[in-house]
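# Notes for the structure review
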Amino acid sequence: MRIAIRAWTGFAILALGLALPARAETSPIRAVASFSILGDLVRAVGGTRVVVATLVGPNSDAHGFSPTPADARKLAEADIVFVNGLGLEGWFDRLIRASGTRAPVVVASAGVKPISAQDEHAHGAGGHDHGDHAVDPHAWQSIANVRIYVANIRDGLAKVDPAHADAYRDAAAAYIAKLDTLERAVRATIDGIPPERRRIITTHDAFGYFAAAYGLRFVAPQGVSTDSEASPRDVAAIIRQIRQDRIPAVFLENISDPRQMEQIARESGARIGGQVYSDALSGPDGPAATYLDMMRANLRAFAAALGPG
């Protein structure tokens, strides 16, 4: 991906690299998170001690994000920066250089066991290789991985703000308890879906970790990135597979153009099972304003479309 920031890189380094006022010990920590889901996790651990700015906001696609000078300034003013890693933020290295920030960068997914970005689509056992995207970056779709995210966030905040390390540890422990409750609900709901109906069509391959952890099968016309459009051949193959396997529902993602999935539903006879949230939260008034809400909203959509009766 080419990002149009070269023109202002020199200016950004000059303007933003100037000495900023020192942060008072009583001032909140200024954190930047690369996208909305990660920003919510940082807020959950940081509480009132941390002010979080997010680069890629709700209902927005981190894969195709194009940074601006305002984003560089956010990094320049930050005390700490959080990114997902695993190749999600292909634009980040150039942005961090342009900003001139000295803030530590925490990779939230550090310690996660990544899965391959290869997907089967309708191509059979040989799979479909997505080239540069050799690793699936959507690790937050497994709650076990989010426990790792939370631990990395906790440790990063404790390092830049050691005076409040105990508060971050307590907040992280409380949030992990909520994740434990959520995971029990996910497993119970999936167990209630008949095995032959545990098949879903989504816009792109954002649910590989969910599938591996909880036993649903996801098929998508795009790969793990939304940078490129699915080919007509891919779409036709998916339509054939829906008919052949009697896949009951297709789901629209909040970050994607719905027209392709509507075409697939129309031509295959599958029903549209509703909207799901893969790479971004909804707005604050939507059903997926937090990570916990996002997972519950997806679970309700899956259960409603795939459950018995």
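The structure we're discussing is the one just above.
Below, the structure is looked at part by part. Here the structure is a predicted model, which is why all the values come from computation and not from measurement.

Moving on: the overall build of the protein. Looking only at helices and strands, one finds 10 helices and 8 strands in the protein. In the protein, which comprises 309 residues, the proportion classed as buried is 52%. For the protein, the share of sequence-separated contacts (at least 6 apart) that also reach a separation of at least 24 residues comes to 67%. When the accessible area of the protein is evaluated, it comes to approximately 13,900 Å², of which 52% is carbon and sulfur surface.

Turning to helix 4 (residues 92-99), a few remarks are in order. One turn of an α-helix holds 3.6 residues; hence residues three or four places apart share an orientation. Of the positions making up helix 4, those classed as buried are Phe 92, Leu 95, Ile 96, Ala 98 and Ser 99. Projection of helix 4 onto a plane perpendicular to its axis shows the buried side chains occupying an angular sector of 160°, all on one side. When the buried face of helix 4 is taken as reference, the exposed residues oriented beyond 90 degrees from it are Asp 93 and Arg 97. Count one or two residues on from helix 4 and you reach Gly 100, which has phi positive near 70°.

Two elements in contact, helix 3 (residues 69-76) and helix 4, have axes separated by 8 Å at closest approach and are oriented at 70°. Here helix 3 lies roughly perpendicular to helix 4, going by the angle between them. The way helix 3 lies across helix 4 gives a crossing that is right-handed. Judged by residue contacts, Asp 71, Ala 72, Leu 75 and Ala 76 of helix 3 engage Phe 92, Leu 95, Ile 96 and Ser 99 from helix 4. A per-class count over the contact of helix 3 with helix 4 returns 6 nonpolar, 1 polar and 1 charged.

Here we come to the nonpolar core. Phe 82, Trp 140, Leu 157, Phe 210, Tyr 291, Met 294 and Phe 302 are the most contacted members of the largest nonpolar core, which has 72 residues in total. If one sorts the elements of this core by residue count, helix 10 (residues 291-306) sits on top with 10 residues. Ile 201, Ile 238, Val 250 and Ala 265 belong to the second-largest nonpolar core, a separate cluster that totals 10 residues.

What follows deals with the packing of helix 5 (residues 143-160) against helix 6 (residues 165-191). In helix packing, the relevant descriptors are the interaxial angle and the interaxial distance, both defined with respect to the helix axes. Contact geometry of helix 5 with helix 6 gives a least axis separation of 9 Å together with a crossing angle of 175°. Classified by the angle their axes make, helix 5 and helix 6 are roughly antiparallel. Along its contact with helix 5, which presents Ile 143, Ala 144, Val 146, Arg 147, Val 150, Arg 154, Leu 157 and Ala 158, the element helix 6 presents Ala 165, Tyr 168, Arg 169, Ala 172, Tyr 175, Ile 176, Leu 179, Asp 180, Leu 182, Glu 183 and Val 186. The residue makeup of the contact of helix 5 with helix 6, split by class, is 14 nonpolar, no polar and 5 charged.

Below, the discussion takes up the pattern of salt bridges. Tallied over the entire structure, the rule returns 10 salt bridges. A salt bridge links Glu 183 to Arg 187; the nearest nitrogen and oxygen atoms lie 3.5 Å apart. One end of the pair, Glu 183, and the other, Arg 187, are both in helix 6, 4 residues apart, so they sit about a helical turn from each other. Classification of Glu 183 by relative accessible area gives buried; the value is 11%. The class of Arg 187 is partly exposed, set by a relative accessible area of 40%. When salt bridges with common partners are traced through the structure, they connect Arg 147, Asp 180, Glu 183 and Arg 187 into a single cluster.

If you trace the backbone, Asp 180 turns up in helix 6. For Asp 180, a relative accessible area of 27% puts it in the partly exposed group. Linking Asp 180 and Ile 143, residues 37 residues apart in sequence, is a C-alpha distance of 8.2 Å.

In the structure shown here, the tally under the stated rule is 6 aromatic pairs. Pairing Trp 91 with Phe 92 gives two aromatic rings, centres 6.3 Å apart and planes at 70°, and the pair type is edge-to-face. Accessibility assignment for this pair places Trp 91 and Phe 92 in one class, buried. Judged by centre distance (6.1 Å) and plane angle (75°), the ring pair of Phe 207 and Phe 302 falls under edge-to-face. You can see Phe 207 sitting in the loop between strand 5 (199-201) and helix 7 (208-214) and its partner Phe 302 sitting in helix 10, a full 95 residues away along the chain. The class for Phe 207 is buried, based on a relative accessible area of 2%.

This part takes up the environment of Ile 176. Note that Ile 176 resides in helix 6. What makes Ile 176 partly exposed here is its relative accessible area of 21%. Along the chain, Ile 176 and Ile 148 lie 28 residues apart, while their C-alpha atoms are 9.6 Å from each other. Excluding its chain neighbours within four sequence positions, the residues that come into contact with Ile 176 are Arg 147 and Val 150.

Neighbouring strands of a sheet are bound in pairs by backbone hydrogen bonds; such pairs are parallel or else antiparallel. Taken in spatial order, the 4 strands make up an open sheet running 2-1-3-4, and their pairing is parallel. For this open sheet the edge positions go to strand 2 (50-56) and strand 4 (105-107), each flanked by a neighbour on one side alone. The average undirected angle you get between the axes of adjacent strands in this sheet is 25°. Judged from the 6 bridges that link them, strand 1 (residues 29-35) and strand 2 form a sheet pairing that is parallel. Among the inter-strand pairings, Arg 30 is bridged to a residue of strand 2, identified as Val 51. Those strands touched by helix 2 (residues 36-46) are strand 1, strand 2 and strand 3 (80-83), and its axis lies near 175° from that of strand 2.

Each value, and the rule that gives it
Residues numbered from 1 in each chain as written. Predicted model: local features only at pLDDT ≥ 70, side-chain atom pairs only at ≥ 80, totals over all residues. Heavy atoms only, no water. Helix = DSSP H or I, 4+ residues; strand = E, 2+ residues; numbered from the N terminus. Buried < 20%, exposed > 50% of the residue type's maximum accessible area, 1.4 Å probe, protein only. Contact = heavy atoms within 4.5 Å. Areas by Shrake-Rupley, 256 points an atom, 1.4 Å probe, with all protein chains shown as cover. Arc of directions from axis to C-beta. Axes fitted to C-alpha atoms, helices over the stretch in contact; angles between N-to-C directions. Parallel < 35°, antiparallel > 145°, perpendicular 65-115°, else oblique. Left-handed = near helix turned anticlockwise from the far one by under 90°. Nonpolar A, V, L, I, M, F, W, Y, C, P; charged D, E, K, R; others polar. Core = buried A, V, L, I, M, F, W, Y, C linked by side-chain atoms within 4.5 Å. Salt bridge = Lys/Arg side-chain N within 4 Å of Asp/Glu carboxyl O. Phe/Tyr/Trp six-rings, centres within 6.5 Å; stacked < 30°, edge-to-face > 60°. Pairing = 2+ DSSP bridges.

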